[in-house]
Amino acid sequence: MEMTAAVLREQGLPKPFAESGAYKIEQVTLDPPGPGEVLIEVRAAGLCHSDLTTMEGQRVRPVPFVGGHEGAGIVQELGAGVEGLAVGDHVVMSIGGGCGQCRYCLGGRPNLCDAVTRNRAEGRLPNGARRLSRDGAPISHYFGISSFAQYAVCTPDCLVKIDKAVPWEVAAVFGCAVVTGVGAVLNTADVRPGAHVAVLGLGGVGLSAVMAARAAGASRIIGIDLNEGKFGLARELGCTDTLNAADPGLCDCVRDLTQGGVDHAIEVSGAIPALATAWDITAKAGEVVVVGLPAAGKTWPVDPTAMIFSEKSLRGSMMGGGIARRDIPRYERLYLEGKMALDRLASASIGFDDLNAGFDRLDRGEALRQILFPHC
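Quantities reported herein were computed from a predicted structural model and do not represent experimental measurements.

Conventions adopted
- Residues numbered from 1 in each chain as written.
- Predicted model: local features only at pLDDT ≥ 70, side-chain atom pairs only at ≥ 80, totals over all residues.
- Heavy atoms only, no water.
- Helix = DSSP H or I, 4+ residues; strand = E, 2+ residues; numbered from the N terminus.
- Buried < 20%, exposed > 50% of the residue type's maximum accessible area, 1.4 Å probe, protein only.
- Lys, Arg positive; Asp, Glu negative; His and termini not counted.
- Salt bridge = Lys/Arg side-chain N within 4 Å of Asp/Glu carboxyl O.
- Polar contact = N/O pair within 3.5 Å; in protein donor to acceptor, adjacent residues only side chain to side chain.
- Contact = heavy atoms within 4.5 Å.
- Pairing = 2+ DSSP bridges.
- Axes fitted to C-alpha atoms, helices over the stretch in contact; angles between N-to-C directions.
- Core = buried A, V, L, I, M, F, W, Y, C linked by side-chain atoms within 4.5 Å.

1. Concerning the environment of G322
Tracing the backbone through its elements, the reader meets G322 in the loop between β17 (313-316) and α11 (324-336). When the C-alpha positions of G322 and V268 are compared, they lie 17 Å apart, and in sequence the two are 54 residues distant.

Put into structure tokens, the structure is as follows:
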């Protein structure tokens, strides 16, 4: 079929993207689903900071590609052998699936699957196939999803059926922002009632982590960001305290608030200085959970002696450290039961014509999760 999609043909174009025209809105060809694949009518897709850093060229991806790695839509067609889904189902599109056969998948860690990661890095679907082209020339899939389009072919491991009562703008953010932020708190950190938690970076992922920390019963939730304009919403969603990351007395303030530091520091911004702050504000025997992606090749020195004597730990969290097909229905229930106000993450609705400007707003810190509606 022919459809409208947002195609990135060159990384690292100058900002503002609205002027350089990073994403081109084009008519592309989408082949029908093959065996073990599903055709989705994309109803909504979120603009994520990971998309922004790819546009900037911080992580090289095969171009051209149709962008977008979180979204939601309606099942339109099933390829041969697909089970568990039916035409008309509402689904979340997420990169959290795996091959189902490797040591990581069998161990309950499909988010770490090497085979799927390799295919995605090459611009293919998780099963290695390609279904996008223009005038006979192949176009890559982005993270195996490519939700900045009117339709997408996905593999079932990337799709999670959801309740039709969930609005599209909320369903879309389950695929990355929610599964990553909430999962970092409930899976990776395993936050317990009464814990002290700091979240560094109050975007869509960070605020998801804040809501999860409140749902888990954390007694102190400290939100940290450079943009104080985010603090009001952060406090509404669960922060007991909000602090400016540029405050030279930040670390001392956190230690005073928590009698020595937080039990869990969730670093979401991807900035190396924020990672250093997260380490400094963590109490003895506490842990830093690294969620945000810094630019490729960036490193941060750790003093192993200090780690030994403090018994602090440092952990990564990829896509919330869990299983999307297990976790998203759980997070959906928390939303439907009113325990997480995930609808507050959607800050604006846009069409294709505003996509580049939307990433400029995200880059300037003026938006949380803008939602692209591909059929508007």
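2. As for the side chain of K312
With respect to the helices and strands, the residue K312 is situated in the loop between α10 (304-310) and β17. The charged side chain of K312 is buried without a salt bridge, its nearest counter-charge being D280 at 5.5 Å. Separated by 2.6 Å, the side chain of K312 and the backbone oxygen of W279 make a polar contact. Look past the residues within four positions of K312 in its chain and what remains in contact with it is W279, D280, T282, A283, A285, G286 and M307.

3. Observations regarding the sheet that holds β17
Pairing is parallel across the open sheet formed by six strands, whose spatial order is β14-β13-β12-β15-β16-β17. One side of each edge strand has no neighbouring strand; the edge strands of this open sheet are β14 (241-244) and β17. The sheet shows a mean angle of 20° between the axes of neighbouring strands, taken without regard to direction. Sitting on the sheet, helix α5 (residues 168-188) touches β15 (262-267), β16 (282-290) and β17, and the angle it makes with β16 is about 140°. Where helix α6 (residues 204-215) meets the sheet, its contacts fall on β12 (196-200) and β13 (220-225), and the angle it forms with β12 comes to roughly 170°.

4. Some words on the nonpolar core
The biggest cluster of nonpolar side chains holds 91 residues, and the ones touching the most others in it are Y23, F148, F174, I266, L342 and F359. The greatest single-element share of this core, amounting to 13 residues, is contributed by α5. In this structure, A198, I222, V262 and A278 belong to the second largest nonpolar core, which totals 18 residues.

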